[in-house]
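Structural features, examined
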Amino acid sequence: MTNDIEKSGQYFRELFPFWNELPDDDKELILRAVVNRSYKKGENVHGGNGECTGMIFVESGCLRVYMLSEEGREITLYRLNAGDFCTLSASCVIQSITFDVMVDAEEDSDCLILNGGVMSELSERDLRVKNFFLEAAVERFSDVMWVMQQILFMSFDKRLAIFLLDETAKNRSDVVRLNNEQIAKYMGSAREVVSRMLKYFASEGIAERRRDGVYILDRARLRRLAM
């Protein structure tokens, strides 16, 4: 238990610019309100049921934050990697959050879950804490608006090009090891639409669907499509 608290303290010391200025009682309050959680790939972290899970901090791994339509279609909003944290899972801290999101582990992940009530209490009495989380929320809303802009105003070939480039950058590989259904799920589209566009990309020598993934054949042309 002591080791977990010391580890959490080091994590927050590096993450929070206000940490060293907090009174010792507030630091202890935060550290006592943290729970260490490990999630397997595909496991749900936050269910999008309106409950305040709290602040989710990623120590290792990757989480996917997405919205789920009434028809069951998923739209990926952004991903959280080591050192990132999720504000949209803590509506009790930022009460202007009025929509639900889902959070799943995209790979095996270790996280810290910080009680939302504690952060809400600290935010109310310390302007530095409140401003930090508000700024983080604004940054994430910008990510959400970028996704909405793509869906509403971009052609699908451009959206798919951006998606493939982002995936290859994340994985440092020219192969996106996802099937068409998974790509459609992440993009909030239909598998048939993805299949048709990948066939077009293949005919143009841009990218090719193979059994184990999508292979990028002409990165320069893919980048031009994404511009």
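Residues numbered from 1 in each chain as written. Predicted model: local features only at pLDDT ≥ 70, side-chain atom pairs only at ≥ 80, totals over all residues. Heavy atoms only, no water.

Some points on the sheet that holds strand S6 (residues 85-86)
- Taking strand neighbours across the sheet as the criterion, the 4 strands line up as S1-S8-S3-S6 in an open arrangement whose pairing is antiparallel. For this open sheet the edge positions go to strand S1 (34-39) and S6, each flanked by a neighbour on one side alone.
- Alignment of strand S3 (residues 55-60) against strand S8 (residues 109-114), held across 5 bridges, turns out to be antiparallel. Paired with Met55 across the two strands is Leu114, which belongs to S8. (Pairing = 2+ DSSP bridges. Helix = DSSP H or I, 4+ residues; strand = E, 2+ residues; numbered from the N terminus.)

Here we look at the sheet that holds strand S4 (residues 62-68)
- Taken in spatial order, the 4 strands of this open sheet run S2-S7-S4-S5, and their pairing is antiparallel. The open sheet has two free edges, formed respectively by strand S2 (44-46) and strand S5 (74-81), since each of these has just one partner strand. The sheet shows a mean angle of 30° between the axes of neighbouring strands, taken without regard to direction.
- Where S4 lies against strand S7 (residues 102-105), 4 bridges are found, and the strand directions are antiparallel. By the bridge assignment for S7, Tyr66 is matched with Met102.
- Of the strands in this sheet, S4 and S5 touch helix H6 (residues 180-187), which is tilted by about 85° from S5. (Axes fitted to C-alpha atoms, helices over the stretch in contact; angles between N-to-C directions. Contact = heavy atoms within 4.5 Å.)

Quick look at the packing of aromatic side chains
- Applying the stated rule across the entire model yields 17 aromatic pairs.
- Seen in terms of ring centroids, Phe12 and Trp19 are 6.0 Å apart; in terms of plane orientation they differ by 35°. Their pairing is tilted.
- Consider the rings of Phe85 and Phe133, whose centres lie 5.9 Å apart with planes at 85°: the pair is edge-to-face. Residue Phe85 is located in strand S6, and its partner Phe133 is located in helix H4 (residues 127-153); the two are separated by 48 residues in the primary sequence.
- An aromatic cluster is built from Tyr11, Phe12, Phe16, Phe18, Trp19, Phe57, Phe85, Phe132 and Phe133, whose rings are joined through pairwise contacts. (Phe/Tyr/Trp six-rings, centres within 6.5 Å; stacked < 30°, edge-to-face > 60°.)

Quick word on the pattern of salt bridges
- All chains considered together, the criterion is met by 17 salt bridges.
- One salt bridge connects Lys170 with Glu106, and the closest N-O pair in it is separated by 3.2 Å. Of this pair, Lys170 sits in helix H5 (residues 156-171) while Glu106 sits in the loop between S7 and S8, and the two are 64 residues apart along the sequence.
- On the basis of relative accessibility, which here comes to 35%, the residue Lys170 falls in the partly exposed class.
- Beyond isolated ion pairs, a larger network of salt bridges with shared partners links Arg79, Glu106, Glu167 and Lys170. (Salt bridge = Lys/Arg side-chain N within 4 Å of Asp/Glu carboxyl O. Buried < 20%, exposed > 50% of the residue type's maximum accessible area, 1.4 Å probe, protein only.)

Some thoughts on helix H7 (residues 191-203)
- If you check H7, its first and last C-alpha atoms are 18 Å apart, about what 13 residues at 1.5 Å a residue would give, namely 18 Å.
- Residues of H7 that are buried include every one of Val194, Ser195, Met197, Leu198 and Phe201, and no others.
- On its buried face, H7 is in contact with H5, H6, strand S10 (207-210), strand S11 (213-216) and helix H8 (219-226).
- Residue Gly205 follows H7 closely and has a positive phi angle near 70°. (Expected span 1.5 Å × (residues − 1).)

Keep in mind these values describe shape, not function.
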